[in-house]
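Listed here are the chains, written in short residue letters.
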Amino acid sequence: MRLKAITLRDYRNYSEAYIEPCEGVTVFMGDNAQGKTNILEAVYLCCTGRSHRTSRDRELIRMGQDTAYVKATGVRADGTHEVEIALNQAGKRRIKVNGSPVGRSGELLGHITGVLFSPEDLRMVKDGPAVRRRFIDMELSQLRPAYYYALQRYNRALKQRNALLKDCALNDASVETLDLWDSELALSGSEIIHSRKAFCERLNECARKIHSSITNGAETLEIKYEPNVAPGESTTETAECIKSALISSRESDLRRAATGKGAHHDDMGIYIGDMDARLYGSQGQVRTCALSLKLSEIEIISAESGEAPVLMLDDVMSELDPERRRQLIKRLEGVQTLVTCTDKNDLAGAGIGKLMKVEKATLSEEA
Ligand SMILES: Nc1ncnc2c1ncn2[C@@H]1O[C@H](COP(=O)(O)OP(=O)(O)OP(=O)(O)O)[C@@H](O)[C@H]1O
Ligand SMILES: [Mg+2]
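Note that this is a predicted model, so its numbers are computed, not measured.

### Overview of the site of ligand 1
- As a matter of local geometry, ligand 1 sits amid 16 residues, with Ala33, Lys36, Thr37, Asn38 and Ile61 nearest to it.
- Within the backbone of Gly35, one N or O atom sits 3.0 Å away from an oxygen atom of ligand 1.
- Coverage of ligand 1 by the protein amounts to 73% of the 660 Å² it exposes when considered alone.
- Across the shell around ligand 1, the residue classes tally to three nonpolar, six polar and seven charged.

### Considerations on the sheet that holds strand β12 (residues 310-314)
- Read from one edge to the other, the open sheet built from six strands follows the order β8-β12-β13-β3-β14-β15, with strand pairing classed as mixed. Two strands close off the open sheet at either side, each with one partner strand: β8 (114-117) and β15 (362-366). Strand-to-strand twist in this sheet, taken as the mean axis angle between neighbours without regard to direction, amounts to 20°.

### What about the pattern of salt bridges?
- Enumeration according to the criterion identifies 30 salt bridges in this entry.
- Across the pair Glu82 and Lys71 runs a salt bridge, and its minimum N-O distance is 3.9 Å. One end of the pair, Glu82, is in strand β5 (residues 79-88); the other, Lys71, is in strand β4 (residues 67-76), and 11 residues separate them in sequence.
- Residue Glu82 is classed as partly exposed on the basis of its relative accessible area, which comes to 21%.
- Measuring nitrogen to oxygen at the nearest pair gives 2.9 Å for the salt bridge that ties Glu226 to Arg278. Highlighted residues: Glu226 in strand β9 (residues 221-226) and Arg278 in helix α8 (residues 277-280), separated in sequence by 52 residues.
- Looking at Glu226, the relative accessible area reads 24%, which means it is partly exposed.
- A relative accessible area of 13% means that Arg278 is categorised as buried.
- Among the ionic contacts, a cluster of salt bridges with common partners joins Arg161, Asp179, Asp182, Arg250, Asp253 and Arg256.

### With respect to the packing of aromatic side chains
- Evaluation of the coordinates by the stated rule reveals one aromatic pair.
- Cation over ring: Arg104 sits above Tyr149, and NZ or CZ is 3.8 Å from the ring centre.
- For the cation-ring pair, Lys224 lies above Tyr271, with the distance from its terminal atom to the ring centre recorded as 4.5 Å.

### Things to note about the state of the cysteines
- Following the criterion strictly, the structure yields zero disulfides and no others.
- Cys47 carries a free sulfur, and the closest cysteine sulfur to it, the one in Cys46, is 7.1 Å from it.
- In this structure Cys47 comes out as buried when scored by relative accessible area, which is 0%.
- Cysteine Cys206 is unpaired, with the sulfur of Cys200 as its nearest cysteine sulfur at 13 Å.
- Note on Cys206: relative accessible area 10%, which makes it buried.

Analysis parameters
Residues numbered from 1 in each chain as written. Chains lettered and ligands numbered in written order. Predicted model: local features only at pLDDT ≥ 70, side-chain atom pairs only at ≥ 80, totals over all residues. Heavy atoms only, no water. Near = heavy atom within 4 Å. Polar contact = N/O pair within 3.5 Å; in protein donor to acceptor, adjacent residues only side chain to side chain. Areas by Shrake-Rupley, 256 points an atom, 1.4 Å probe, with all protein chains shown as cover. Nonpolar A, V, L, I, M, F, W, Y, C, P; charged D, E, K, R; others polar. Pairing = 2+ DSSP bridges. Helix = DSSP H or I, 4+ residues; strand = E, 2+ residues; numbered from the N terminus. Axes fitted to C-alpha atoms, helices over the stretch in contact; angles between N-to-C directions. Salt bridge = Lys/Arg side-chain N within 4 Å of Asp/Glu carboxyl O. Buried < 20%, exposed > 50% of the residue type's maximum accessible area, 1.4 Å probe, protein only. Phe/Tyr/Trp six-rings, centres within 6.5 Å; stacked < 30°, edge-to-face > 60°. Lys NZ or Arg CZ within 6 Å of the ring centre and 35° of its normal. Disulfide = S-S within 2.5 Å.

Written out as structure tokens, the structure is:
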């Protein structure tokens, strides 16, 4: 996919902006707090329906304004794709895809595809499981809207079940109603688990090759799906596994007013040889792992959708040592890339196609 244009209106610190990225590397350069990340965030929002920094839409609306608007236009083999999102202070979203309003936010997925790499991603290996689940979830959602919907159903059911657990303790609410939520968690959970399993296998193949190449064959990376509830052969079997796990943990769930079993406790194991990189990886090693995982994301989206996603690098160059930086730059060829930086020297060798200066939410092109 080729990202042609981005329009922002009252988004974060921008009152108005229009950007036409080039085919290769477009750089957004400027001092801190000028609005560089905000641009990438807006593109990411059009890719995934979510900001990578907040789940509160209100933060995205320019202070003092009622509505924020972003539009991303991309060209794929089958023509132009356009995603528009308007957010207002009341928490209402209006989304249009190719000019037509859509009812569900999942419908924007798969039109503008992107991979965002930020300094937080470099910590993905050492952070808690939630960060790694999010990595899987965001990737799978872009590839398969059905996954996104399953996740939505799962999270809703989980919230309801937890509320009911609390209610059972306080008000003696009927424990039987829990069955209803157990069933929904089993149904959507089994879909999630099977997709995650297949994805991690794919990721393992891909990331292993990249990691080996980055480390010149010195390290063998292994990615392992670590589900909280072991799946069966089929989704039907897995649904049964989840149900029995929920039933056996019901008593302790009631005591803690929280659901102790299920896909929301999954993790993704990251190993270098036999060593668990999450626990024992050195800073350099975990960065290389993160880089391999991110680069795999591009490859998997490219293979599955037939087109490379737009790659967004938010300040990562400055966090990588020269060798890893070189490895990353080497792989940018043929991938449309948006990069932010404060210092152009961080991008030495990257072949900058377009350089935009960002100053107090105003963009100007530099020669
Ligand atoms: N809702 C909002 N309304 C107005 N301004 C906002 C809003 N949200 C964030 N900002 C402003 O946007 C700026 C931050 O933008 P951004 O995160 O893009 O900075 P940056 O250029 O990436 O900086 P850094 O180099 O530090 O990462 C800050 O000045 C912040 O006050
Ligand atoms: Mg930034």
